[in-house]
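So the chains spell out like this:
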2 protein chains.
Amino acid sequence: MAQAIHIGVIGAGTVGGGVVSILQGNCGLIEQRLGVPMQLRRVADSNPATLAALGLPEGVATHDGFAVVNDPDVHVVVELVGGDGIARELTLAAFAAGKHVVTANKALVATHGEELFSAANKAGVQYMFEAAVGGGIPILRAMRESFTGDRIESMLGIINGTANYILTRMTDNGEAFGPVLADAQALGYAEADPTYDIDGIDTAHKLALLVGMAFGGQVGLDDIHTEGIRGIEPVDLDYAKAFGCKVKLLAIAKAHQDGSIEARVHPTMVDQSRLIAQVDGVFNAVAVTGDRVGETLFYGQGAGAMATGSAVVGDLVAVARDIRTGSRDRVPPMAFQADQRSPLTIRPMAQIESLYYLRLTVVDEPGVLADISGLFGQHQISIARVIQEGQSSESVALVIMTHRAREQNLRQALAEIEALNCVTAPTTVIRVESDDA
Amino acid sequence: MAQAIHIGVIGAGTVGGGVVSILQGNCGLIEQRLGVPMQLRRVADSNPATLAALGLPEGVATHDGFAVVNDPDVHVVVELVGGDGIARELTLAAFAAGKHVVTANKALVATHGEELFSAANKAGVQYMFEAAVGGGIPILRAMRESFTGDRIESMLGIINGTANYILTRMTDNGEAFGPVLADAQALGYAEADPTYDIDGIDTAHKLALLVGMAFGGQVGLDDIHTEGIRGIEPVDLDYAKAFGCKVKLLAIAKAHQDGSIEARVHPTMVDQSRLIAQVDGVFNAVAVTGDRVGETLFYGQGAGAMATGSAVVGDLVAVARDIRTGSRDRVPPMAFQADQRSPLTIRPMAQIESLYYLRLTVVDEPGVLADISGLFGQHQISIARVIQEGQSSESVALVIMTHRAREQNLRQALAEIEALNCVTAPTTVIRVESDDA
């Protein structure tokens, strides 16, 4: 009788509960695929009520994460504590105890990845984090194990379900940001403090992992230009429709011929005929373009107990297969071999090029468009389309879609334009992702 | 200096040329990910001109596939011969010589899979075929290695680019099947003998692989109900639009509570708001629903030298990583352990349930709809919508959308209806894939 693989879970909240449910509910299927049983040996949580609700067998529950890490009977630790404090300590302790670790903790991998990869490597164990990006979507495995013959050219990701849910409702119903956020909080789609989700920070964490996987180097969070969706108004979504576009909070990464990488997170207009523009509600998607495979897209649930738990269990089975076959370090955690990884050159935001949607607020006087377009022209920014609203004695919207322009030039032009007397409010700027940009 | 992994390619046509191009063009990247170089040692093709065009180094080209298989210096054989004749012999010979095999040959795996898996297992080598389904889309790896904690509930696939290209043009431009097929042949999107693609046979081969991977058993091609797209007329695509749908050639698999599996290939109406309905032209997509991960979708190029070559190279790197780490049989070729696989119970087509689009051709007389709907009613088929064309002295179209009905009942009702004097031509039947079907 083959030896079972023993799992210890630390953190029995939403995702932890999902992992426990899958390991218990689908244990037969997992054994058919793995060849030996996968058994839940320890589950730790600081909240006794959370543990009690799981109905675990005698001796499995504990309040102490380190009891899981140090249990000699546990082969693989699932870290679902979150954050980069105690989670980091538990992970390092697990490695030191010779245990593989599977996690959904994007913040930890994004901020302490290199330290942890190095510790795992030294200990001869694996560190897996498919669940950290895109919930149940197996995007990291595709990058690590499938696109290994490709030079990745670009990635576009909708990787925060909360932000996508809010933008979808604003787009579909014309609702304003504030009420939709409040509703999302009431529905459990947004946290009480929604900062991480709606200001793009969570998306930037995930982008850092995707960039590392695709391009074989580290990117600091400070190097990822990050804007959230608080400034988006329903009127912008209406104009987007007029341009045949939708607005999505996108994680964008692009590789340039000079070896530099763009990595940025911001609201982005995308042509509504593109598949990624059709990804609505809490769903996530990542579009990856490789120099050989061409354009691909991966779509699924980006969050939730079961979808994220599914990704954790997928990693558990992969690690368990390696344990069974005696394989070690079969796949490096970031796709590239450790000695082939190095910090990436991130192109400064001022140097990126894009199309731009600009909604200026101007007084309705003759000559205003001439003044503004003149300043754009002086900064090498060419205007593709203008929508000027009907006459009014008050300020009106002047909406401009530019051709491809350099961010630095746009910023300089806007600074001068906003200093004009005829411009009465800050300009809303939304970058436009286009096939020719 | 670590030892290089040596590759031998048999068949240097479209995909073979892509594999050679990737191994040569991206060799540095592959080494960064693998840790050792991957070297092209032998390339076989019966056509000297094909070989000459690749510009291979001295000593690499050969006209003899068995010279590749028997070269002691080759670690992994890439079989791109196609078909189930000599390709099978070469594959078995490679296994017997202790070599791993990577292929894009769906016909061979669909018809001789169990024999080949067993031979590979006995020889202690791997047999990989990601490129056999969906070209560059890493759908098989997702099933083998990511959804291992999930009970797969259903799969819907657009997995033949030729058929999808033809249906897309017919839908977008109102063109008829014949001229579009001729054009697709001129453009190289369809073969001189297009039977495999447009009659659904190629799609059925790929579905057999997906079903085996998802449900852990064998399915014979005879058990997959297979219809192609020759019978689709532009008028049906127009009616589909009227119902908010598009027509796609879908591979469909569903698991039932009683343990039986549906596996079928036919033109299918899909609500146009669904992501899979947006997959146009030569692109492929597979939507997989798991009991935990929920709904997912994988999209990309389903054919072509580079996209399919990318999948072959992804498998080569995976095999090479296993060679490096001394791992054997880490992942079973069909996700489930060999001793856990068994023939599947395929639900007979007569027993499946679906919504149906029916375009009857009837004489324009009073009482016709009453007669027809009466016969449907007698067979427990409830009608959801009817579109009856304007009056005419000739035959007119009577278009009916049914509620959920059993195939057997529909066939019996149609047999009786088509025997009526008022029905003047065979009925076009298109199944409708609906969330509630």
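One structure accompanies this document, and this report is about it. None of the values given here were measured: they were computed from a predicted structure. (Residues numbered from 1 in each chain as written. Chains lettered and ligands numbered in written order. Predicted model: local features only at pLDDT ≥ 70, side-chain atom pairs only at ≥ 80, totals over all residues. Heavy atoms only, no water.)

As a further point, take the packing of aromatic side chains. Residues and elements named next belong to chain A. In the structure shown here, the tally under the stated rule is 19 aromatic pairs over all chains. Seen in terms of ring centroids, Phe243 and Tyr357 are 6.4 Å apart; in terms of plane orientation they differ by 80°. Their pairing is edge-to-face. You can see Phe243 sitting in the loop between α12 (234-242) and β9 (245-255) and its partner Tyr357 sitting in strand β13 (residues 353-363), a full 114 residues away along the chain. Like Phe243, the residue Tyr357 is buried in the burial classification. (Phe/Tyr/Trp six-rings, centres within 6.5 Å; stacked < 30°, edge-to-face > 60°. Helix = DSSP H or I, 4+ residues; strand = E, 2+ residues; numbered from the N terminus. Buried < 20%, exposed > 50% of the residue type's maximum accessible area, 1.4 Å probe, protein only.)

Residues and elements named next belong to chain B. Structurally, the position occupied by Ile400 is in strand β15 (residues 395-402). Given the relative accessible area of 0%, Ile400 is considered buried. Once the C-alpha coordinates of Ile400 and Leu56 are considered, the two residues, 344 residues apart in sequence, prove to be 60 Å apart. When neighbours within four sequence positions are excluded, Ile400 is seen to be in contact with Tyr356, Tyr357, Leu358, Leu360, Ile372, Phe376, Ile383, Arg385 and Val386. (Contact = heavy atoms within 4.5 Å.)

To continue, consider the sheet that holds strand β5 (residues 100-103) of chain B. Residues and elements named next belong to chain B. With parallel pairing, six strands are arranged side by side in an open sheet as β3-β2-β1-β4-β5-β6. Every other strand in the sheet has two partners, leaving β3 (61-62) and β6 (127-128) as the edge strands with one partner each. Of the pairings in the sheet, the one linking strand β2 (residues 38-44) to β3 comprises two bridges and is parallel in character. The residue bridging Val43 from the neighbouring strand is Ala61, located in β3. Packed on one face of the sheet, helix α1 (residues 14-25) meets β1 (5-10) and β2 and runs near 155° to β2. (Pairing = 2+ DSSP bridges. Axes fitted to C-alpha atoms, helices over the stretch in contact; angles between N-to-C directions.)

Taken residue by residue, the interface counts 60 residues in chain A and 60 residues in chain B. The largest contributions to the chain A side of the interface with chain B come from Arg33, Arg292 and Arg330 of chain A, which together make up 16% of the buried area. There are two salt bridges connecting chain A and chain B. Measuring nitrogen to oxygen at the nearest pair gives 2.2 Å for the salt bridge that ties Asp322 of chain A to Arg330 of chain B. At the junction of chain A and chain B, the tally comes to 35 residue pairs in polar contact (both at pLDDT 80 or more). (Buried area = accessible area lost by both parts, 1.4 Å probe. Salt bridge = Lys/Arg side-chain N within 4 Å of Asp/Glu carboxyl O. Polar contact = N/O pair within 3.5 Å; in protein donor to acceptor, adjacent residues only side chain to side chain.)

To continue, consider the relation of the copies chain A and chain B. The two copies are related by a screw motion: chain A maps onto chain B through a turn of 180° and a shift of 0.0 Å along the axis, at an RMSD of 0.1 Å. The relationship between the two copies is best expressed as a two-fold rotation axis. Residue by residue, 100% of the interface of chain A is reproduced at the interface of chain B, so both copies engage with the same surface. (Least-squares fit on C-alpha atoms with pLDDT ≥ 70 in both.)

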